[in-house]
Amino acid sequence: YREFYGVARTDPELRPLVSAKEDLRRSLLARIVARADAERALADGWAAEAATDAVWVLTSFDTYDRLRARSPEPAPLIWALVAPVLRPEGTPAAP
């Protein structure tokens, strides 16, 4: 991925592929967030659109790659960043 994204940043023919891939990833995340919203599993104060944007950025390859450079296992940190957006399963919503 690192090499692909690096080349795609400078190759105009690859940019549409990366853009399409990210659009698809974002639309899939939007479905997950919409389901969480329907189940009242979004953290208080988060609208679905903003939550989708936050989760999209926080789970991007760029975010993972930058955190991976500093930590051998970035998944717990990524979850710690996403958790304020998506309420963990079993946590009650505010009335």
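Residues numbered from 1 in each chain as written. Predicted model: local features only at pLDDT ≥ 70, side-chain atom pairs only at ≥ 80, totals over all residues. Heavy atoms only, no water.

From N to C terminus, the protein includes five helices and zero strands. In the protein, the order of α-helices and β-strands from amino to carboxyl end is α-α-α-α-α. On the principal axes, the C-alpha backbone points of the protein span a range of 50 × 30 × 15 Å. Within the protein, buried positions represent 31% of all 95 residues. Carbon and sulfur atoms provide 61% of the accessible area of the protein, an area that totals close to 6,600 Å². (Helix = DSSP H or I, 4+ residues; strand = E, 2+ residues; numbered from the N terminus. Buried < 20%, exposed > 50% of the residue type's maximum accessible area, 1.4 Å probe, protein only. Areas by Shrake-Rupley, 256 points an atom, 1.4 Å probe, with all protein chains shown as cover.)

Phi is positive for Arg 40, close to 55°, though the residue is something other than glycine. Structurally, the position occupied by Arg 40 is in the loop between helix H2 (15-38) and helix H3 (48-58).

Confidence in the prediction for the protein averages 86 pLDDT; 91% of positions are at 70 or higher. Highest mean pLDDT in the protein belongs to H3 (96); lowest belongs to helix H1 (residues 2-10) (75). (pLDDT = per-residue confidence, 0-100.)

Here we come to the packing of aromatic side chains. Summed over the entire model, instances satisfying the criterion amount to one aromatic pair. Between Phe 61 and Tyr 64, the ring centres sit 6.3 Å apart and the planes meet at 35°, which makes this aromatic pair tilted. Of this pair, Phe 61 and Tyr 64 both sit in helix H4 (residues 61-68), three residues apart, which is roughly one turn of that helix. (Phe/Tyr/Trp six-rings, centres within 6.5 Å; stacked < 30°, edge-to-face > 60°.)

Let us now look at the pattern of salt bridges. Under the definition given, this model contains four salt bridges. Note that Glu 22 and Arg 25 form a salt bridge whose closest N and O atoms lie 3.1 Å from each other. Linking Glu 22 with Arg 25, this pair stays in helix H2, spanning three residues, or about one helical turn. A salt bridge links Arg 26 to Asp 53; the nearest nitrogen and oxygen atoms lie 2.6 Å apart. Here the residue Arg 26 occupies a position in helix H2, and Asp 53 occupies one in helix H3, the gap between them amounting to 27 residues. Assessed through its relative accessible area of 33%, Asp 53 is described here as partly exposed. Each of Arg 26, Glu 49 and Asp 53 takes part in one network of salt bridges that share partners. (Salt bridge = Lys/Arg side-chain N within 4 Å of Asp/Glu carboxyl O.)

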